[in-house]
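Results of the structural survey
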Amino acid sequence: VFHAPFFAPCGFRFVAAMTSQKEALEEAYPGVQAVPTLEELLKLDIDLVVVAAPNSEHGRIAIQVLNAGKHCVVDKPFAISLEEADAMLAAEKQSGKVLSVYQNRRWDADFRQLTQLIGSGKLGDVVSFESRFDRYKLSGLRGWKGVPGPGTGILYDLGPHLIDQALVLFGVPEWVEGDLFTHAPDGKVHDGFCIRMGWSQKRASLSASTVAADHDLRFLVHGTKGSLRKVGLDSQEASLRNGVLPTAEGFGVEDEGVDAVFTDGETGKKEILPSTEPGVYRSFYDKLWSCIANGESAPVTSGEGRNTLVIIDAVEKSHSSGKRIYL
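The sections below set out a description of the structure shown in this document. Not measured: the values here are computed from a predicted model.

Here the focus is the packing of helix α5 (residues 82-95) against helix α11 (residues 302-321). Where α5 meets α11, the axes come as close as 9 Å, and the angle between the chain directions of the two elements is 170 degrees. By the angle between their axes, α5 is roughly antiparallel relative to α11. The segment α5 lies against α11, with Leu82, Ala85, Asp86, Leu89 and Glu92 engaging Ser302, Arg306, Leu309, Val310 and Asp313. A breakdown of the residues in the contact of α5 with α11 according to their chemical character gives five nonpolar, one polar and four charged.

Turning our eyes to something else, we now look at the nonpolar core. Ranked by internal contacts, the top residues of the largest apolar core, which has 44 residues, are Cys72, Val74, Phe78, Leu99, Phe284, Tyr285 and Leu288. Excluding residues within four positions of it along the chain, Phe284 makes contact with Val73, Ser100, Val101, Tyr102, Trp107, Pro299 and Val300. Core analysis: the second largest hydrophobic core is formed by 40 residues, Leu117, Val126, Leu167 and Leu206 among them.

All right, on to the packing of aromatic side chains then. Taken as a whole and assessed by the stated rule, the structure comprises 13 aromatic pairs. Arranged with centres 5.4 Å apart and planes meeting at 90 degrees, the rings of Phe12 and Trp289 form a pair that is edge-to-face. Pair noted here: Phe12 is in the loop between α1 (4-7) and β1 (16-18) and Trp289 is in helix α10 (residues 282-294), with a separation of 277 residues, a long-range link. Residues Tyr102 and Phe284 carry aromatic rings whose centres are separated by 4.9 Å and whose planes lie at 85 degrees to one another, so their mutual orientation is edge-to-face. Of this pair, Tyr102 sits in strand β5 (residues 99-102) while Phe284 sits in helix α10, and the two are 182 residues apart along the sequence. Both residues of the pair, Tyr102 and Phe284, belong to the buried class. Each member of the aromatic cluster is reached from another via a ring pair, and the members are Phe7, Phe12, Phe14, Tyr29, Tyr102, Trp107, Phe284, Tyr285 and Trp289. Over the face of the ring belonging to Phe219 we find Arg218, whose NZ or CZ atom lies 4.1 Å from the ring centre.

Parameters and conventions
- Residues numbered from 1 in each chain as written.
- Predicted model: local features only at pLDDT ≥ 70, side-chain atom pairs only at ≥ 80, totals over all residues.
- Heavy atoms only, no water.
- Axes fitted to C-alpha atoms, helices over the stretch in contact; angles between N-to-C directions.
- Helix = DSSP H or I, 4+ residues; strand = E, 2+ residues; numbered from the N terminus.
- Parallel < 35°, antiparallel > 145°, perpendicular 65-115°, else oblique.
- Contact = heavy atoms within 4.5 Å.
- Nonpolar A, V, L, I, M, F, W, Y, C, P; charged D, E, K, R; others polar.
- Core = buried A, V, L, I, M, F, W, Y, C linked by side-chain atoms within 4.5 Å.
- Buried < 20%, exposed > 50% of the residue type's maximum accessible area, 1.4 Å probe, protein only.
- Phe/Tyr/Trp six-rings, centres within 6.5 Å; stacked < 30°, edge-to-face > 60°.
- Lys NZ or Arg CZ within 6 Å of the ring centre and 35° of its normal.

Next comes the structure, spelled out in structure tokens:
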């Protein structure tokens, strides 16, 4: 859903997939070969392998792919521990191949607009950053994500998105505080989190919950010149799940009613800031093509993927100890 639709538009040829659903693959992508094992996949004449497996398998598969001399993209989270992340970086270095992580929400329309506004200085110096991913699902997390085990729960599901966006904007923080909780009536894993991070005079609050009927707020940013409030979610995920191709007209354009609102600090005047650019998840694969073909930088580096694990590790330590974790 989140990878294959971008292959052809970005210059990649979809050769094979490791799946037991041969008929479904043939229907969606005629001519693409279905293989039953990773070993058979790696014997094929391919350059790149995309790992969209359960989180606990990311590291093992990525290392095997790199050792076979293939470039590799892993879905988020990059890994489920710092030790695993370090092993992946070592395999990348030894192989000389590219290892990247699919942090596609760097190319959300709302985050692109926010990045532009902060960079323009319109908000002044940012002092407070709030980022939320709330939903209303009393059933909690579904499938393997809702089963207790390594890499499951919402911190490893939505956490990497919010953490990566904060790191893109502000870099690695000086300290982290984290709280994990379960609110779904029959939940067996954490389905909510609150993360606080600090840089000198700047603070960030990242949170997610599956029990939030009012879940419109996405970003709330305060700066020395004014504040920015943004509601709604980027449209690309819903479009892809509904079978809309990224080449379709209007793909990535924000829905009506989700314009950002800027409040001027001096006058208190509110200004509607319409979205200026659409979301473009395909930028990840466009940049990946240039990386592999022309030696340009990876769209998301393995080191950046590791940095999200630094924060996740600190969140878990803070939750267990009840203490602030200094990095």
